[in-house]
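What follows is each chain in one-letter form.
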Amino acid sequence: MCSGLWCTSESEKTSSVTEPCSDSRLAVSSSAGARSFGSSARGDFNPANELKKLRQAQHSSSHLEIGELLRVRGPVKTSRQQREIMASTYYKVSDPVMAVQISWMMEVPQLYRQCYDNPFHLDSSAQNPNIQGGSASYLLGRATRILKDFLKEKEVTRFRPYDVQDLLQPLVSRQPQKTASEQEPEAGPSSGPPTSFKQLRELLQKSLQILQDEGLVFRKVKSQDEVYHVTEQDKDLLMAIRDILREDCRREKYAEKGCHILHVLSSVRQRYSRNVSKAALELVLKALECNSDIISTSDSHYTIL
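Being a predicted model, the structure only gives us computed values, none of them experimental.

1. Some words on the sheet that holds strand S11 (residues 259–260)
Thinking step 1. Strands sit in the order S11-S13-S12 across an open sheet of three strands; the sheet is antiparallel. Edge positions in the sheet fall to S11 and strand S12 (294–298), since each of these pairs with one other strand and no more.
Thinking step 2. Inspection of the sheet shows S12 paired to strand S13 (residues 301–304) by four bridges, in the antiparallel sense. Paired with Ser 298 across the bridge in S13 is His 301.
Thinking step 3. Of the strands in this sheet, S12 and S13 are in contact with helix H12 (residues 278–290), which crosses S12 at around 110°.

Following this line, the structure appears as structure tokens:
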């Protein structure tokens with residue numbers, strides 16, 4: 001029986017469902033107003049039909065049948081050894097098997113891998129006015145690829161910028177140089193033209209910054225002596241992460257679900273180096289998981305075997 005804007009439907013045994021409904025007087029006045037407005041409407045748009053469709057959609061979403069799956073939010077209390085939910089809000093689950101959500105969750109990793117996680121580069125030669133001839137982003141991409149291949153092939157554990165500087169020299173030497181009259185005021189004791197050396201240093205610094213952003217390298221200690229550690233080749237970092245997971249996963253708080261990646265990152269920065277980035281930590285965790293040293297219990301949670 002309706003009262004105001006709420007009514008109680010029929011119950012089966014002890015189950016009762018409360019659902020919203022409109023007062024009869026409100027429904028009569030609304031339908032009368034819709035007919036009067038619809039009669040004066042012109043064109044293809046019919047307000048009466050649209051209002052009817054809206055009521056049908058509202059009825060299908062609010063009308064409940066026994067056996068339907070609901071999402072309910074409200075406080076829970078126990079009375080006579082029975083739990084009672086005081087439903088403040090509820091709605092029907094239109095997709096009980098979660099097919100749409102599962103499909104979306106399977107697309108998200110691919111979307112991040114192909115689009116969101118890739119660094120953004122401006123494909124314009126005006127990005128770096130010091131490097132002439134050709135696109136600056138193209139040269140930067142070539143330089144980054146050369147450094148990645150070198151670190152992977154040689155299995156370098158750590159290096160300094162001048163150790164890999166000569167690898168990028170061919171990229172700069174291919175660029176058109178200034179005439180002798182333009183270089184004469186800047187002549188110095190260096191073996192090559194000062195402009196080429198400046199371009200080489202700038203290209204090297206930008207390439208190393210990209211490697212740091214991707215987590216491939218990091219500086220354990222920031223000082224005048226620039227020493228870069230290769231993330232996947234740093235045995236001390238791998239050992240530190242394993243020790244953190246082994247110790248913390250014994251605690252009751254992390255025993256079941258494991259440690260979150262942000263917790264591991266905070267512990268690594270406290271025990272090993274404050275300059276370890278999240279991207280570097282993700283690379284190490286992925287390598288440890290591939291070697292079956294650790295497992296991921298859920299999204300961004302890890303535990304040790």
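2. Some details on H12
Thinking step 1. Across its 13 residues, H12 extends 18 Å between first and last C-alpha, which sits within 8% of the 18 Å expected from 1.5 Å per residue.
Thinking step 2. Listing the buried residues of H12 in full gives Ala 280, Leu 281, Leu 283, Val 284, Leu 285 and Leu 288.
Thinking step 3. In this fold, the buried residues of H12 make contact with helix H9 (235–248), helix H11 (261–271), S12 and S13.
Thinking step 4. Where H12 ends, the next residue or the one after it, Ser 292, has phi of about 65°, a positive value.

3. Quick word on the environment of Asp 166
Thinking step 1. Inspection of the secondary structure puts Asp 166 in the loop between helix H5 (161–164) and helix H6 (169–173).
Thinking step 2. Relative accessible area serves as the criterion here: at 60%, Asp 166 is assigned to the exposed category.

4. Side note on the confidence of the model for the protein chain
Thinking step 1. The predicted model of the protein chain has a mean per-residue pLDDT of 76, with 74% of residues at 70 or higher.
Thinking step 2. A low-confidence stretch, residues 1–41 (pLDDT under 50), is modelled with 42 contacts involving residues beyond four sequence positions or located in other chains.
Thinking step 3. Below a pLDDT of 50 lies the segment residues 178–192, which in the model reaches seven contacts outside its immediate sequence neighbourhood of four places, other chains included.

5. Things to note about the sheet that holds strand S8 (residues 158–159)
Thinking step 1. Read from one edge to the other, the open sheet built from three strands follows the order S8-S10-S9, with strand pairing classed as antiparallel. The sheet is open, and its two edges are formed by S8 and strand S9 (217–218), each paired on a single side.
Thinking step 2. Alignment of S8 against strand S10 (residues 228–230), held across two bridges, turns out to be antiparallel. Looking at the pairing, Phe 159 lines up with Tyr 228 of S10.

6. Thoughts on the packing of aromatic side chains
Thinking step 1. Applying the stated criterion to the full structure yields two aromatic pairs.
Thinking step 2. Judged by centre distance (4.9 Å) and plane angle (80°), the rings of Tyr 112 and Tyr 116 are edge-to-face. Of this pair, Tyr 112 and Tyr 116 are both found in helix H3 (residues 99–116), four residues apart, which corresponds to roughly one turn of the helix.
Thinking step 3. On the basis of relative accessibility, which here comes to 40%, the residue Tyr 112 falls in the partly exposed class.
Thinking step 4. Residue placement shows Arg 219 over the ring face of Tyr 228; its charged tip is 5.8 Å from the ring centre.

What counts and how
- Residues numbered from 1 in each chain as written.
- Predicted model: local features only at pLDDT ≥ 70, side-chain atom pairs only at ≥ 80, totals over all residues.
- Heavy atoms only, no water.
- Pairing = 2+ DSSP bridges.
- Helix = DSSP H or I, 4+ residues; strand = E, 2+ residues; numbered from the N terminus.
- Contact = heavy atoms within 4.5 Å.
- Axes fitted to C-alpha atoms, helices over the stretch in contact; angles between N-to-C directions.
- Expected span 1.5 Å × (residues − 1).
- Buried < 20%, exposed > 50% of the residue type's maximum accessible area, 1.4 Å probe, protein only.
- pLDDT = per-residue confidence, 0-100.
- Phe/Tyr/Trp six-rings, centres within 6.5 Å; stacked < 30°, edge-to-face > 60°.
- Lys NZ or Arg CZ within 6 Å of the ring centre and 35° of its normal.

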